[in-house]
Amino acid sequence: MGFLVSKDYDQFIRKEIRGIVTQNNSYTLEDAELTAVAIINSYLSGSFDTAQIFKDILTFSPSASYNADEYVFAPNEIIYRVLVNNPGNDFNDNSKFAANDPRNKQIVMYAVDIALYNLHSNISPQNIPDLRVKRYDDAIKALTMMMNGQLNPDLPRLENTSSGIFRLGSNPKVSERY
């Protein structure tokens, strides 16, 4: 369960290298993913609806029960939206599953970049590959720009919940004449 799935890493790092940096430990990878999501969340939460951005993607298990509007990562490496409660496991049944990845690809890329940077820094903080450092720096720079409104991603924004009424005021005018 989480925001990233195994196939998200495939275009950024070979599986053999991923096994080395995670030390073949799924908990290490999961911890790096959670850290990456927390970092991104800290940049975006002031302006964007992060609950909508970071949808949980469940790894499909035939013995598990799923509810409508949940997302599952199927054995065929496709993310499906569950349309009905307890849909079974026939992903070809369009009345029960719809192939639909709700995640913004840019945010997925930044999450992978940050997670891989954290994994590399866990192994050898003084010997992080230049590519990982550059991609991490680029991700943080882009997130900062999003936070400051300089970059406008296709992400759900927070709804303005204020009443629209605000009060202006100033100090009383002071005469400087003698």
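Trainee: Help me understand the overall build of the protein in this model?
Mentor: Each helix and strand in the protein was counted, giving five helices and four strands. Each helix (α) and strand (β) of the protein, taken in turn from the N terminus, gives the series α-α-α-β-β-β-β-α-α. In terms of overall dimensions, the protein is more spread out than a globule: its C-alpha atoms have a radius of gyration of 22 Å, far above the 16 Å expected for 178 residues. In the protein, buried positions account for 35% of the 178 residues. Surface summary for the protein: the accessible area is close to 11,500 Å², and the carbon and sulfur share equals 47%. Placing the 17 positive and 21 negative side-chain charges of the protein at their respective mean positions leaves the two points 8 Å apart.

Trainee: Quick question: what am I supposed to make of the packing of aromatic side chains here?
Mentor: When we look at a pair of aromatic rings, we describe it by the centre distance and by the angle of the planes. Per the stated rule, a full pass over the model turns up seven aromatic pairs. With centroids separated by 5.0 Å and ring planes inclined at 75°, the aromatic side chains of Phe3 and Phe54 adopt a geometry described as edge-to-face. Of this pair, Phe3 sits in the segment before α1 (15-21) while Phe54 is found in the loop between α3 (50-53) and β1 (57-59), placing the two residues 51 residues apart along the sequence. A single burial state applies to Phe3 and to Phe54, both of which are buried. Measuring from ring centre to ring centre gives 4.5 Å for Phe91 and Phe97, while their planes differ by 45°; the resulting arrangement is tilted. You'll find Phe91 and Phe97 in the same group, each marked buried. Every member of this aromatic cluster is reached through a ring pair, and the members are Phe60, Tyr66, Tyr80, Phe91 and Phe97.

Trainee: What is the right way to look at the packing of helix α2 (residues 26-44) against helix α5 (residues 130-147) in this model?
Mentor: To describe two helices that pack against each other, one gives the angle between their axes and the distance between the axes. Remark: α2 packs on α5, axes separated minimally by 8 Å, with the N-to-C direction vectors making an angle of 30°. One element, α2, and the other, α5, form an angle in the roughly parallel class. Every residue of α5 that contacts α2 at Ile39, Ile40, Tyr43 and Leu44 is listed here: Ile140, Leu143, Thr144, Met146 and Met147. Along the lines of polarity and charge, the residues of the contact of α2 with α5 split into eight nonpolar, one polar and no charged.

Trainee: What should I look at first to understand the environment of Gln11 in this one?
Mentor: Residue position: Gln11 is located in the segment before α1. Sequence spacing of Gln11 and Leu155 is 144 residues, and the spatial spacing of their C-alpha atoms is 23 Å.

Scoring rules and cut-offs
Residues numbered from 1 in each chain as written. Predicted model: local features only at pLDDT ≥ 70, side-chain atom pairs only at ≥ 80, totals over all residues. Heavy atoms only, no water. Helix = DSSP H or I, 4+ residues; strand = E, 2+ residues; numbered from the N terminus. Rg over C-alpha atoms; globule rule 2.2 N^0.38 Å. Buried < 20%, exposed > 50% of the residue type's maximum accessible area, 1.4 Å probe, protein only. Areas by Shrake-Rupley, 256 points an atom, 1.4 Å probe, with all protein chains shown as cover. Lys, Arg positive; Asp, Glu negative; His and termini not counted. Charge placed at Lys NZ, Arg CZ, Asp CG, Glu CD. Phe/Tyr/Trp six-rings, centres within 6.5 Å; stacked < 30°, edge-to-face > 60°. Axes fitted to C-alpha atoms, helices over the stretch in contact; angles between N-to-C directions. Parallel < 35°, antiparallel > 145°, perpendicular 65-115°, else oblique. Contact = heavy atoms within 4.5 Å. Nonpolar A, V, L, I, M, F, W, Y, C, P; charged D, E, K, R; others polar.

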